[in-house]
Each structure stands twice: as C-alpha cells, then as structure tokens.
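What follows is each chain in one-letter form.
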Amino acid sequence: MRYLPLTPEDRAEMLARIGVASVDDLFADIPADRRETELPRLDRAKGELEVERVLARLAAANVPAGSVPFFVGAGAYRHHVPATVDHLIQRSEFLTSYTPYQPEIAQGTLQYLFEFQTQVAELTAMEVANASMYDGSTAAAEAVLMAHRITKRRKAVLAGNLHPHYRATIETLSRYAADAVVALPPAPFGEEDLITPIDDTVSCVVVQSPDVFGNLVDLKPIAEAAHKAGALLVAVFTEAVALGLIEPPGAQGADIVVGEGQSIGNALNFGGPYVGLFAARQKFVRQMPGRLAGETVDAEGRRGFVLTLSTREQHIRREKATSNICTNSGLCALAFTIHMSLLGKTGLTRLARANHAAACDLADRLAAVKGVSVINDTFFNEFTLRVPGSAAEVVEKLAARGILGGVPYSRLAPQSGLDDLILVAATETTTEDDRAAYAAALKEVLAGAPTPGRDLSTSLQHALDRAARWMATYPHSIEDEGNSLGARVSAGLIEVLIDEGFLGALIQHHPEVINTYSRYFFNTDAPDLDPDRIERTVKLSDEGTNEDRFQDLYRIAEEIR
C-alpha cells in the first residue's frame, strides 16, 4: 500500500502559499538542460544474479587507481593507507555510532574526536580545531561566513589560484547570503597581487598554499596586509601531507585555516566522502561552525570528554547559530586520526619528504621531453605541466597508453583559457618505473606516435592479469560467498574486453580463463584450445553477442580437435 500524505489540493495550497505555480518552479535554479526528463534507460526488473553481472561489467570498465601509473591529484590524492586503519574503523562501536549527545555512553567517540582536533590544531599550528566538516570546499565556504561574522563586513577576496571547486562553493553560499565576492583571475605563470584588493571593506582574503597549480605561497605579507586593514587571512590547503614539510599556515599569521584531510587515512573513494579540517584562533572559537569535543572530569574526578560547543540550529536558537551544518565526517575523521597516530611526527615528515622527492624526479623527467615545460618555481608533490596544444587531448592519449597523467586545468575551469596546462601529482605510491613510463608515453604522444590499436593496452593487460590470477586461484569459487565479488568483477572485466573486440588477444594472453568464464556465464565448459592453432580465434568477427562469439569459439575449437 502506497503512502500518499498529500492530496492535490494540499499541494496546490502549499504552492500558492510560497508563490510558485508548480513543483517544477522549485527547481528553477537548476539549468533546464541539466535536468533529467525521463527515467534512466535501465531494465525495469532483473534477477539478482543478472543485476550482479551487469554491475560487474560496469565496475570492470573502470581503471582502478592502483592498476596503472597514476598521477592524478587536483584536490584528491592517492596515498598508501595502512590496513590497520580500515580494520579499526570497521569496529561496530565506531562504524555504527551516533552523534555523541550522551557522553556517559559515547566516551570512545568523544575521545577520538578530541584527539582528532588536537592533531589538526598541531598540524596547522592553530589554537583550536573543530570535529571536522564535510570536506575542504565546504570548510572554506564556512570560513568565509565566519570571517563575515567576526569583522561585521560582507566582502571576501579570493585568490585566483584557489581551487575552482572551492571558489564555486564559496560563491554559491555567498550569492544566497547576498555577500560580495571578489574572485581574482588565475595566475599560474607569475606571482599574484593579493594585497592591492584588500581595503577596509574586506572581511577576509582566501589564499591556498600549495595553490591549485602547486605553487607554495608566502602567507606572511598577505596576513600583515589583511590585519592592517582589519581583515582576516583564511588559509586553504588541499593536500594535508604537505603540512609535514612546509611551514604551517598558523605560523605564517593565518586567522582561520581550512583544508581537505582526505590524504591522511582516507582513500580516493570515487570523490567522497572526505573530511574537512577547520582550525582557528582561540578568540574566534564561539564563531566556529560545527561542533567541538572538550576534555573535562566527572563527579569522581576522572578524565572524560563531552561536546563542549555545538553552535548549530539543532542545539541553540536559530538566530544564534553559526552554521546549518548539522554533523561532522566522523568515520573519515577517525581514519585520519588513526593514520596520523600511526605516522607520528617523524613518520609524517618522512612521508612528506618521499612525496616531494617523487615529484622532483617526475618533474625533471617530464621537463626533459621536447615541447614540455614545468611552470613552477616551487612545489610540494604537485606541479603544473605546460604542453603543446590541448592538455585534455594529451591526457586522453596518455590514458590510451595506460598512463593516468593528471588533470587538465581546463576540466576544473573550462572558461579560463588555460587549455595547455596539466596538473600532475606524484605521491609515495608512484614508483621509479611509473615515472619513467610517464615520460616515455608523453614523448610518444607529443611526437605523434599512433595510439595502440586493437591490442591490449598496458592498463587492460594489468587488469586482465589480476582477473586471470583470480580465476586461476579460485576456478570453482564463482558461487562461493567468500570469493564471489572478486570472481564476478573479473568475469565482468573479461566480458568488457570481449565487447571491445579483444577476444583474440584475450585468448592469446590468457587461454586458461576461458573455461572459468564460460562456466560463469553459460554454465558449460568451453573446449580446450590447441595453443598452436590459437591464431584462428584472433580472426573471430567482432559482430554479434557474447554468446554468438562463444558459439564461434566452440565451433573453431571443435575443428582444432
């Protein structure tokens, strides 16, 4: 029985009260060409096994970050996360815990939030930190609103080299609050003038270091100019590991420090969830968004933890609230805390040095390629590459060679006109062989070498090797609960290869997977193939369905017999 709480008359009355003609008018801020007008083109119903097969095929079409040389950054970075982190955060008392309103039953959650805040404060060289935000971009937007409350001014100056996604988030919140935003143009090739726009009408200047292009920024003169005009300096970072090596923003005069904590303890996760870091001076604590966990003692004098400050609508009067953010990224914050505890101060510094060394080596290799230049004078583990022609096309051609070579800046800021720039990151997960492969592939691409045709690319070969190992190790485990996921993903990968015309190459490289694959999809064994006659299968037509192709395969195999 369907639950229909509103009648058409109820809906009409509500729409009339708020002054719109239809429900569609409520979505007027979403461009019409961005709205879905029909249901996704999916089958209305399939069996569970069929759905698993479809999803396995879709999953297999992805190229996992760890399967190929990976140099993508631009705000989300691939770092090694110790197995200990994932093991501990999956304990039920952490994984399923609720907001710690009742300290008598939530001491574990409150303590790790307190430790997280301490780590963030020390990492940024600030006096107080909150229990986390949604991510770095929302933290930056909340920092601007906080600066407005503190200074009683309503205008923010945004550095041109601030990450475009962070800029867009700030502009969105500011637009609906009727606040002014002065967004400077990007300046990847020279120093930005961030001091001239600061006057007595500005509440804050928002500066990222390392910036989106990888440049390190000296915050001290900017902080001095801002304070002289009665404004605040909001320092932003997207790579938390950088703070293990460079001077922290708090030591350079920042009033509010915000950033993304994904790099520590958290995987890429298809873009989220992540964990926003937010720290400030002690004197501004009552204007901070989110919540703070504090240390106290109980009635018997024993150390304990409580929610000390929660300046949000759910806890206090709406007009006194500092933010409508009503939660924090608790599990991601815990992952951050565990990984940071495992590293320690010395370990974080060593990790940061390893990142910087990898980036320096890669920059030297790529700068040696004809027509390529590294535009940075300074960087941590990410720099900007200038290439001839379209950076987006270069990145696509590198991907066809099994190299994920970075992010074209034009993807982040399509209207910037900076179409020849690639943001390239190198973390501790990149090897010397990876960096050499990138340089070699870039040289081929810029020399106009043809993209590999219908042979297995490096990335597909790596993925297929893993699939073959799965199937060789667990040849009868397709329906086994413990191994079904890996087997199904592997089978899905092989199906994608067949769809793309790689059946011949598949049989040449891994004939041992045919029987297992055939059992999975068709509940029958494919006949053994004589390796001496494999070449005949390479000429199989790419026409028809997978089942048609396997029928052809069976026929040829019978002939070979």
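Up top you'll find the structure we're talking about.
Residues numbered from 1 in each chain as written. Predicted model: local features only at pLDDT ≥ 70, side-chain atom pairs only at ≥ 80, totals over all residues. Heavy atoms only, no water.

(A) Layout of the overall build of the protein. When helices and strands are counted, the protein shows 18 helices and 13 strands. By the burial criterion, 50% of the 561 residues in the protein qualify as buried. Here the contacts in the protein between residues at least 6 apart in sequence split such that 70% fall between residues at least 24 apart. Here the protein displays about 28,400 Å² of accessible surface, and carbon together with sulfur accounts for 52% of that area. (Helix = DSSP H or I, 4+ residues; strand = E, 2+ residues; numbered from the N terminus. Buried < 20%, exposed > 50% of the residue type's maximum accessible area, 1.4 Å probe, protein only. Contact = heavy atoms within 4.5 Å. Areas by Shrake-Rupley, 256 points an atom, 1.4 Å probe, with all protein chains shown as cover.)

(B) Structural view of the packing of helix 9 (residues 330-367) against helix 12 (residues 432-446). Across the interface, helix 9 lies against helix 12 with an axial gap of 9 Å and an inter-helix angle of 25°. Taken together, the axis directions place helix 9 and helix 12 in an arrangement best described as roughly parallel. The handedness of the crossing between helix 9 and helix 12 is right-handed. Contact residues: helix 9 offers Ala358, Asp361, Leu362, Arg365 and Leu366, while helix 12 offers Glu432, Arg435, Ala436, Tyr438, Ala439 and Leu442. Here the residues of the contact of helix 9 with helix 12 are counted per class, giving seven nonpolar, no polar and four charged. (Axes fitted to C-alpha atoms, helices over the stretch in contact; angles between N-to-C directions. Parallel < 35°, antiparallel > 145°, perpendicular 65-115°, else oblique. Left-handed = near helix turned anticlockwise from the far one by under 90°. Nonpolar A, V, L, I, M, F, W, Y, C, P; charged D, E, K, R; others polar.)

(C) Summary view of a nonpolar patch on the surface. On the surface, a cluster of nonpolar side chains totalling about 450 Å² of accessible area is made up of Ile18, Val23, Leu26, Phe27 and Ile30. Summarising the element assignment, Val23 is placed in the loop between helix 1 (8-18) and helix 2 (48-60). (Patch = residues over 30% accessible without salt bridge, like charges linked within 9 Å, V, L, I, M, F, W, Y side chains within 5 Å. Salt bridge = Lys/Arg side-chain N within 4 Å of Asp/Glu carboxyl O.)

(D) Region of interest: the environment of Leu423. Relative to the helices and strands, Leu423 resides in strand 13 (residues 421-425). Overall, the relative accessible area of 0% leaves Leu423 in the buried class. Spatially, the C-alpha atom of Leu423 lies 7.0 Å from that of Glu382, the residues being 41 residues apart in sequence. What Leu423 contacts, discounting residues up to four positions off in sequence, is Phe71, Ala74, Val212, Phe213, Glu382, Phe383, Thr384, Gly406, Val407, Tyr409 and Leu412.

(E) Here's a closer look at the layout of surface pockets. By volume, the second largest pocket is sized at about 510 Å³. Around the second largest pocket sit 25 residues that line it, and Gly190, Glu191, Glu192, Leu216 and Val217 are the ones nearest its centre. For the lining of the second largest pocket, the secondary structure elements donating two or more residues are strand 4 (204-208) and helix 8 (220-228). Classifying every residue of the lining of the second largest pocket gives 13 nonpolar, six polar and six charged. (1 Å grid on protein atoms, 1.4 Å probe; cavity = no way out; pocket = protein on both sides within 12 Å on 5 of 7 lines; lining within 4 Å. Points joined across faces, edges and corners; volume = space filled by probe spheres on them.)

(F) Quick look at the side chain of Glu382. Checked against the element boundaries, Glu382 lands in strand 11 (residues 382-386). For the buried residue Glu382, which engages in no salt bridge, the nearest side chain bearing the opposite charge is Arg411, 12 Å off. A polar contact of 2.7 Å, which involves the side chain of Glu382, links it to the backbone nitrogen of Ala74. Within the structure, Glu382 has its side chain in polar contact with the side chain of Tyr77 (distance 2.5 Å). In this view, Glu382 contacts Gly73, Ala74, Tyr77, Phe213, Gly214, Ala359, Leu423, Val424 and Ala425; residues no more than four positions away in its chain are not counted. (Lys, Arg positive; Asp, Glu negative; His and termini not counted. Polar contact = N/O pair within 3.5 Å; in protein donor to acceptor, adjacent residues only side chain to side chain.)

(G) Up close: the pattern of salt bridges. One pass over the full model with this rule turns up 13 salt bridges. Between Asp179 and Arg154 there is a salt bridge, and its shortest N-O distance comes to 2.8 Å. Of this pair, Asp179 sits in the loop between helix 7 (164-176) and strand 3 (180-183) while Arg154 is found in the loop between helix 6 (136-151) and strand 2 (155-158), placing the two residues 25 residues apart along the sequence. With relative accessibility at 9%, the residue Asp179 sits in the buried group. By relative accessible area, which is 42% here, Arg154 ends up partly exposed. Here Arg401 and Glu444 are joined by a salt bridge, their closest N and O atoms 3.1 Å apart. Of this pair, Arg401 sits in the loop between helix 10 (391-400) and strand 12 (407-408) while Glu444 sits in helix 12, and the two are 43 residues apart along the sequence. Given a relative accessible area of 8%, Arg401 falls into the buried group.

(H) Spotlight on the environment of Ala400. Positionally, Ala400 belongs in helix 10. Judged by relative accessible area, Ala400 falls into the partly exposed class, the value being 29%. For the pair Ala400 and Ala441, spaced 41 residues apart in sequence, the C-alpha to C-alpha distance is 9.9 Å.

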